[in-house]
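Fold and geometry: a report
As a plain string of letters, each chain reads:
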Amino acid sequence: MVAAIRHRKSAVRRVLHVAWLAFLCAALLGVFTPVLAQQAEGSPAPEMPAPEMPAPEMPVPDAADAADAAPAPDTQALDEEVQLLKKDAVDLNRELFMLEEELLFPANTQVAVFLSMDVGEFFALDSVQLKINGREVGNYLYTQREAEALLKGGVHRVYLGNLKVGEHELVAIFTGKGPNEREYRRGASTRFAKAVGAKYLELKITDRQLRGQPEFEIKDWE
Amino acid sequence: MFRSQPLALTLLLVAGAVIHALDASAAERHALIGKPAPDFALRSAAGPNLRLSEQRGDVVVLSFWSSRCNTCRLQLAELDRLYATYRPAGFVVFGIGVDDDAARAVEFVRAQGASFPMLFDPAKQIARSFDIDNLPMLVAIDRFGVVRLVRRDDRRSGVAEYTAALRRLLDE
Amino acid sequence: MIHPRQHVDPRWRRRGARLSLVCALLLAAVTAPLAEAAKKADPEKLPVTRIRDLHYGDVLFYFYQGENFEALTRLTAFDSWGRLPSHQAESQLLLGGLYLELGLHNEAGRRFEQLLGPEIPAGVRNRAWFYLAKIWYVRGYLDRAEAALLRIDGRLPAALEAERMHLRANVLMRQQRFAEAARLLNGWDGPAVWTAYARFNLGVAFVRDGQLEQAVPFLTQVGTLASGRNELLALRDRANLALGFAWLQAEQPAKAKEALQRVRLNGPFSSRALLGAGWADAQLGDFQGALTPWLELRDRSLLDAAVQESFLAVPYAFAKLDATSQAVEYYESAVQSFDAESLQIDAAIERVRAGTMLEGIVEREATGGSYGWFWQLKDLPTAPETRYLYSVLAGHDFQEGLKNYRDLAYLDRTLTRWSESFDAYGSMIDTRERAFSERLPRADELLAADGVGALAARRNEVESRIGQIAREADYAALGTAEQRDQWQRILLAEEALALEPPGPERDDAAARLRLVKGVLYWNLAASFRGRMFEQRRALRDLDALLRDTQNRWERLAVARASVPANTGEFGQRLAAAGEKLAALRDRLVATRGKQNELLAALAVRELSQQKERLNTYQLQARFALATIYDRAAMAPSEAAAPVGPDGDDTGTGPAAPVEPTP
């Protein structure tokens, strides 16, 4: 049975996300990846012009001279071209993404349900089941990677759909592991009014430090 | 396609087996071949939920089984050997059980002792999305997430053939 | 008295705690020591912000999973829709970071240029410029790399600071600014690994520039460092090797030997060290001594240039020792080996030109789902050609080209998936347009008829009539149909009666009529209040219904107004996107082809150089043989008089080891 059903329109309390952190991670992700087979992880690669040793005079032909004889192909011109192409591909991908969403979920009828977590200690999310007006519209199973992304401050758009203008009911049932490896199954529900224009709802899982318990609520974004 | 009654499932599978015995080349034909594999996440016997799309970059083989299917045991054992060999080359196997009897499925997993993840699909949603009409059934997905091979034929003699096909996928 | 700065808002403190926790979490995935550094790096961060736009959180959800392409797509799409109004600054910064991550350094540079103003904390700005400098350096944009490095203000966190110095030194060296690089490194007391690499690189750069004096201290430092790390030991070997050969070139065989003897015999550089040690002996005139290391090399793989050279060096030493027949034997076997190897290189060049080998490498690597600049080729392919290509495959040009190639493959695949959805969208739009075309005329008709307006007018009529009945207390008006009929008949009868001649008969009828009228009036009056209430309630119900209808009407009007924009626009957008997609895919294929050709050209260039070197050796061996034969024919008693590595004008081009004597 759904135990604690709660709906609270409180101010956004979750505090998170620092842009520098985001950037740092974007930039850092690869820095410490293993370089080539020859180099140990986490260490700098020997840079140009290292690899070749200076040639002794006899009877080895100087590698540098040989290099001058056969000019290196122009990598930069192609790099510029590839960049332009990548940018166009990225832009087109965005356009298609937008076209798809506008076509499938027009702003007038769009309803999106998001899930966020501001917990760490008291709850390991396993799944969330969503019902709108008594009909199951989604049942999402979270992998470890996804749960970690949520803990870092990511917000998952768990449902995107269409609803008519009017009153609706959303029920969310969360499962996961609580303190002491205890299996949790908790629900939260809300009634909301859908007007003309997109509607956003946020399922929030928070730690209540004092009680040592996770709490579940649904925030109605006006 | 699947009903929750085991009898219906069994009947269906028997019918499937008969049909496919008549059509030997059916193993190669499947509506999903060349198409992106439908994504899914399932609970695994070992605990964590696993999502297909997170395996992108690896060759993934899905082997659908049921605890009532003896040839499934053979196929899973065969895959376990391949998994031991090709795992370092980026080879992933998911055994997907379609039993609706959870206890039987868990017992089957325990007895099988496969080293790759065994997943549970009691609602048969994933089996449906992959058009599974036979057990065991094997679906191979390339490093880009595209279905490349579907095998309904569970005869021992076909093993070399699909092993070669898997190796080709790994080499791509 | 409490100083204002000592007052800390407890909420703020909690944020701080949370932040470092998340920070540690985040960075632990990358590297543990850095997480430590970041924890301390408090003054470097941007003010903490809350997630105010859910869609920004959605972008982060993918970003934190390493799905950078997905994060970029969502970020740009959500931004276009105006769904990120509260996170403009961070989302632009993240956008720059994602572009950088995906190798779009021009785009990233442009954005950082605009974004990294003084309002962004120095730490963030510095890191942005650092990573930009790094990608520009490996892609060969040295001026830009230097400019970006100069924009770093103050120090970076320790781990990055070392890399920054290293990068700066490398940029200077590649611009041939050795003195500046030396000044930079002399004053630098960084982590051992980084300083060792930097000093090694600079030492080699000096040697190449002909400044041995300058090189010696750097290379000796690296060549004598104590370390248990395999990686540093390999670097030490390389430094000693470079130093040894530099001394050989300077005709200082004793110093050369000293350096070369520090190279480990079981390390990857032992072949070259053995070769050098032989030359040192030869320079000292000890040809017997030289033969020991050189003969050691004969059993090793001929792929190694040092081994190839030893095939010439051994007979050269024998000739010096007047062992002509051995010299001939070794020269002959060298010619044969060079021939065979040369054929193999030819075959390798053929295969590379045919495209099969590179496709093998690249396709295999390109199939990984990930995408982006920070990707690295993890292991080298097993193709037979690969053994000739180690140095090329490890070079920046090849690696960066490979990244571009696989990014293009990834984008191609992604776009192909879209093209599969196109048919479905097309038919969706068709269906929708058909539905609209069926319904629009009816909607227009309805809207034009102004049905709601007419209803409202009728409702008002009803209301005023009820008001009139109430005012006039017209009880009969609210009677049942039967009552109203009766009432009407009574009134008619009264009129008829008035026309009758007066008399007892008429009085009697009038009395009965009055009685009937009285009863009916009584009944009507008794139910009037109730009926009036009913009427008013019905009117209220009607009002509610009318309001609903009005709302629906308005929505229909809105929907109708948005129809042309919706359908036609979608069709057009879909068609335009389809065209772009096709054009882009053509470009992707073409550019991938070019990238492949470029990679092949790099490989072929390397193979050709190796072949050229073999040919030179080949020529030298044949020439030496011919000389020996000639001499034997002319003066059987006179031994060949080869010239050793003591010629002073060599070193720039291939020089024959054997000087022909007339």
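Quick notes on the rules
- Residues numbered from 1 in each chain as written.
- Chains lettered and ligands numbered in written order.
- Predicted model: local features only at pLDDT ≥ 70, side-chain atom pairs only at ≥ 80, totals over all residues.
- Helix = DSSP H or I, 4+ residues; strand = E, 2+ residues; numbered from the N terminus.
- Buried ≥ 20, exposed ≤ 12 C-beta atoms within 10 Å, placed from the backbone.
- Contact = placed C-beta atoms within 7 Å.
- Nonpolar A, V, L, I, M, F, W, Y, C, P; charged D, E, K, R; others polar.
- Core = buried A, V, L, I, M, F, W, Y, C linked by C-beta atoms within 7 Å.
- Pairing = 2+ DSSP bridges.
- Axes fitted to C-alpha atoms, helices over the stretch in contact; angles between N-to-C directions.
- pLDDT = per-residue confidence, 0-100.
- Parallel < 35°, antiparallel > 145°, perpendicular 65-115°, else oblique.
- Left-handed = near helix turned anticlockwise from the far one by under 90°.

Once that is clear, we can look at the overall build of chain B. When its secondary structure is counted, chain B shows five helices and seven strands. Starting at the N terminus and walking to the C terminus, you meet the elements of chain B as α-β-β-β-α-β-α-β-α-β-β-α. A buried classification covers 39% of the 172 residues belonging to chain B. Considering only contacts within chain B whose residues lie at least 6 apart along the sequence, 71% involve residues at least 24 apart.

We now examine the overall build of chain A. Along the backbone of chain A there are four helices and eight strands. N-terminal to C-terminal, the α/β element order of chain A is α-α-α-β-β-β-α-β-β-β-β-β. Counting every position in chain A, which comprises 222 residues, the buried fraction comes to 39%. Partitioning the intrachain contacts of chain A with sequence separation of at least 6 by distance along the chain shows that 68% fall at a separation of at least 24.

Taken together, the contact pairs eight residues of chain B with six residues of chain A. Of all the secondary structure elements, the ones that give two or more residues to the side of chain B that touches chain A are strand 1 (41-44) and strand 2 (49-51) of chain B. Among the residues making up the side of chain B that touches chain A, the classes are represented as four nonpolar, one polar and three charged.

Our focus in this paragraph is the nonpolar core. V113 of chain A together with L132, A133, L202, A242 and A317 of chain C are the most contacted members of the largest nonpolar core, which totals 181 residues. Tallying contributions element by element places helix 24 (residues 504-634) of chain C first for this core, with 17 residues. Not counting chain neighbours up to four residues away, the residues in contact with A133 of chain C comprise A145, A148, L149 and L167 of chain C. Formed by 43 residues, the second largest nonpolar core is a distinct cluster that contains L42, F108, F130 and A140 of chain B.

Residues and elements named next belong to chain B. Along the chain, V61 falls in strand 3 (residues 59-65). For V61, a count of 24 C-beta atoms within 10 Å corresponds to the buried category. V61 sits 88 residues away from L149 along the chain, and the two C-alpha atoms are 9.2 Å apart. Residues contacting V61, with those up to four places away along its chain left out, are L79, V93, L138, A140 and L166.

Another aspect to go through is unusual backbone geometry. Trans peptide bonds make up the majority, and among non-glycine residues the majority have a negative phi. Here the residue pair L135 of chain B and P136 of chain B is connected by a cis peptide bond, since its omega of -5° sits within 30 degrees of zero. In this fold, P136 of chain B is placed in the loop between helix 4 (125-129) and strand 6 (137-141). At E181 of chain A, a position not held by glycine, the phi torsion is positive, near 60°. You can see E181 of chain A is positioned in the loop between strand 5 (166-177) and strand 6 (183-194). Given 7 C-beta atoms within a 10 Å radius, E181 of chain A is considered exposed.

Sheet strands associate in pairs through backbone hydrogen bonding, adopting either a parallel or an antiparallel arrangement. Residue and element names in this part refer to chain A. Pairing is antiparallel in the open sheet, where four strands are placed in the order 3-2-5-6. Looking along the sheet, the strands with just one partner apiece sit at the ends: strand 3 (135-141) and strand 6. Across the sheet, the mean angle separating the axes of adjacent strands is 20° when strand polarity is ignored. Bridge count for strand 2 (residues 124-132) against strand 3 is six bridges, and the pairing is antiparallel. Within strand 3, the position partnered with I132 by the bridge is R135.

Next up on the list: the sheet that holds strand 6 of chain B. All names here are of chain B. Strand order across the open sheet formed by seven strands is 2-1-5-4-3-6-7, with mixed pairing between neighbours. Among the strands making up the open sheet, the edge pair consists of strand 2 and strand 7 (147-151). Strand-to-strand, the axes of this sheet are offset by a mean angle of 30°, without reference to chain direction. Across three bridges, strand 4 (residues 91-97) lies against strand 5 (residues 118-120) in parallel orientation. Bridge assignment links I96 to a residue of strand 5, and that residue is L119.

Right, let's get into the pairing of strand 6 of chain B. Residue and element names in this part refer to chain B. Burial within strand 6 is extensive, with five of its five residues counted as buried. What you see with strand 6 is no split at all: M137, V139 and I141 on one side and L138 and A140 on the other are buried throughout. Sheet topology note: the strand 3/strand 6 ladder contains five bridges and is antiparallel. In the strand pairing of strand 6, S63 is matched with L138. Two strands pair when backbone bridges link them, and strand 6 and strand 7 are joined in this way by four bridges, in the antiparallel orientation. Its bridge partner being in strand 7, L138 is matched across the sheet by R151. Counting the residues between successive antiparallel strands, the hairpin from strand 6 to strand 7 contains five residues, one of them, G145, with a positive phi of roughly 85°.

This part takes up the confidence of the model for chain B. Residue and element names in this part refer to chain B. For chain B, the average pLDDT comes to 81, and 81% of its residues sit at 70 or higher. For chain B, helix 1 (residues 6-22) is the element with the lowest average pLDDT, namely 39, and strand 5 is the one with the highest, namely 96. Ignoring residues within four places in sequence, the model shows residues 1-27, a span with pLDDT below 50, making 24 contacts including any to other chains. Listed scores for the predicted complex are pTM 0.67 and ipTM 0.75.

To continue, consider the confidence of the model for chain A. Residues and elements named next belong to chain A. On average, residues of chain A score 70 in pLDDT, and 64% of them reach the 70 mark or higher. Predicted confidence in chain A is weakest over helix 1 (residues 19-28), with a mean pLDDT of 32, and strongest over strand 4 (residues 156-162), with 95. Ignoring residues within four places in sequence, the model shows residues 1-69, a span with pLDDT below 50, making 176 contacts including any to other chains.

Residues and elements named next belong to chain C. Topologically, E309 is positioned in helix 17 (residues 305-320). The class of E309 is buried, set by 25 C-beta atoms lying within 10 Å. Taking the C-alpha atoms as reference, E309 lies 9.1 Å from L614; in sequence the two are 305 residues apart.

All names here are of chain C. Where helix 6 (residues 105-115) meets helix 7 (residues 122-138), the axes come as close as 11 Å, and the angle between the chain directions of the two elements is 150°. As the angle between them shows, helix 6 and helix 7 are arranged roughly antiparallel. The handedness of the crossing between helix 6 and helix 7 is left-handed. Two secondary-structure elements touch here, helix 6 through H105, A108, G109 and F112 and helix 7 through A128, L132, I135 and W136. Residue composition of the contact of helix 6 with helix 7, grouped by class: six nonpolar, two polar and no charged.

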